[in-house]
Amino acid sequence: MRIGFIGTGSMGSILIEAFIRSGAVAPEQIAATNRTIAKAERLAESYPGLYVARSNKEAAASADVIFLCIKPSEYKAVIDDIHAAVRPEQIVVSITSPVLVRHLEEMLRCKIAKVIPSVTNYVLSGATLCVYGNRMLPEDIELLENLLSHISAPVRIDEDYTRVSSDLSSCGPAFLSFFLQKFIQAAVDITGIPEEEATRLASEMTLGTGQLLTTGGFTPATLQKKVTVPGGITAEGLRIMENELCEVFHDLIRTTHLKYEEDVEKVEARFFGTKVE
């Protein structure tokens, strides 16, 4: 299998490195290009054998699977570049949430999938969200999910839930890190504990909590119950968070969905010169 990458920015490079380090593919199976070609060349220096394509068309031409790791504003130009080179049997994978599967199916004659990765894939963990177009056959889905399973847990979702699923799996590491950052800083400010020590404790706690929730048989609710003693310190801390934080999470979801809807409209306008009704 040969894989083409158009875009080697933050997420594109994470996927390339994760696929290689996990043993999913060898560098020789990858062709990559980027608008700033030096970024692709740096990856090739780190992973000898990785081929640096000099154009989007070249990256796509010989690949079985083509990952589009680009911004929504770049899609129209890239699609125009590769349109003539893409063949019906190839799979084009978008990793950009506001670009819908139907957008790409209208513009390309190949098989279309949308995969939303996470920064956690860099350590071969976390989920990748998968949405498949009408031309994807069962064997195509199996091929793609076998590839993704080397670096993540592939999870099939309804495209209508792309945004909220991304909030949880892809934006979630940033949101959770923000909570931990503020938790750590408060501990440092109020008690004087060294920041390095507090960060290590919080990081180890986060790792262990993740394992309890994924392989330990706990849900968030049952884990809280396991830790909490009625009238104890944990219970008092949870009471404060219940009073102060709950509406924040509702506002968070509303805000991310509003931004997503705006982004979808912009994509529609760039692709087709119309807005979503």
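Every value quoted in this text rests on a predicted model; they were computed, and no experiment measured them.

Rules behind the numbers
Residues numbered from 1 in each chain as written. Predicted model: local features only at pLDDT ≥ 70, side-chain atom pairs only at ≥ 80, totals over all residues. Heavy atoms only, no water. Pairing = 2+ DSSP bridges. Helix = DSSP H or I, 4+ residues; strand = E, 2+ residues; numbered from the N terminus. Contact = heavy atoms within 4.5 Å. Axes fitted to C-alpha atoms, helices over the stretch in contact; angles between N-to-C directions. Buried < 20%, exposed > 50% of the residue type's maximum accessible area, 1.4 Å probe, protein only. Right-handed = clockwise from strand over helix to strand, strands pointing away. Expected span 1.5 Å × (residues − 1). Arc of directions from axis to C-beta. Patch = residues over 30% accessible without salt bridge, like charges linked within 9 Å, V, L, I, M, F, W, Y side chains within 5 Å. Areas by Shrake-Rupley, 256 points an atom, 1.4 Å probe, with all protein chains shown as cover. Salt bridge = Lys/Arg side-chain N within 4 Å of Asp/Glu carboxyl O.

Engineer: I'm lost on the sheet that holds strand 3 (residues 51-52) in this one. Help?
Structural biologist: Strand pairing in a sheet is mediated by backbone hydrogen bonds. Such pairs are either parallel or antiparallel. Within the open sheet, the eight strands sit side by side as 3-2-1-4-5-6-7-8. Their pairing is mixed. Because the sheet does not close on itself, it has two edges, and the strands there are strand 3 and strand 8 (153-156). Relative to strand 3, strand 2 (residues 30-33) is paired through two bridges, and the arrangement is parallel. In the strand pairing of strand 3, Ala31 is matched with Tyr51. The strands touched by helix 6 (residues 138-148) are strand 1 (3-6), strand 4 (65-68), strand 5 (91-94), strand 6 (111-116), strand 7 (127-132) and strand 8; relative to strand 7, the strand with the most contacts, the crossing angle is about 165°.

Engineer: Whenever I open this one, the pairing of strand 1 confuses me. Can you help?
Structural biologist: Successive side chains on a regular strand alternate, one facing one side of the sheet and the next facing the other. On strand 1, burial covers both faces: Ile3 and Phe5 on one face and Gly4 and Ile6 on the other are all buried. Here strand 1 runs beside strand 2; their pairing, made up of four bridges, is parallel. From the neighbouring strand, Ile3 faces strand 2, where its bridge partner is Ile30. On the question of chirality, the crossover connecting strand 1 to the parallel strand 2 by way of helix 1 (residues 10-22) is right-handed. Note that strand 1 and strand 4 share four bridges and pair parallel. What sits directly across from Gly4, in strand 4, is Ile66.

Engineer: Before we go on, may I ask you to explain the pairing of strand 8 in this structure?
Structural biologist: Across four bridges, strand 7 lies against strand 8 in parallel orientation. Each bridged residue has a counterpart across the sheet, and for Ala127 the counterpart in strand 8 is Ala153. Read as a crossover between parallel neighbours, the route from strand 7 over helix 6 to strand 8 is right-handed.

Engineer: Help me understand helix 8 (residues 172-191), please; the structure alone is not making it clear to me.
Structural biologist: Residue pairs spaced three or four apart in an α-helix point in one direction, given the helix's 3.6 residues per turn. Between its terminal C-alpha atoms helix 8 stretches 28 Å, which fits the 28 Å expected from 20 residues at 1.5 Å a residue. Among the residues of helix 8, Gly172, Pro173, Leu180, Ile184 and Val188 are the ones counted as buried. In an axial view of helix 8, the angular spread of the buried residues amounts to 125°, which keeps them on one side of the axis. Turned more than 90 degrees off the buried face of helix 8, the exposed positions are Asp189 and Ile190. Residues of helix 8 that are buried sit in contact with helix 7 (162-169) and helix 9 (195-214). Just downstream of helix 8, Gly192 is the residue with a positive phi angle, here 85°.

Engineer: Explain unusual backbone geometry to me, please; I cannot follow it from the model alone.
Structural biologist: Across the chain, the bulk of peptide bonds are trans and the bulk of non-glycine residues have phi less than zero. Phi is positive for Leu124, which is not a glycine, with a value near 60°. By secondary structure assignment, the location of Leu124 is in the loop between strand 6 and strand 7.

Engineer: Just to check I follow, could you spell out a nonpolar patch on the surface for this structure?
Structural biologist: On the surface, a cluster of nonpolar side chains totalling about 450 Å² of accessible area is made up of Leu176, Phe179, Phe183, Met205 and Met241. When residues of the nonpolar patch are assigned to their parent elements, the largest contribution, three residues, is made by helix 8. Structurally, Leu176 can be placed in helix 8.

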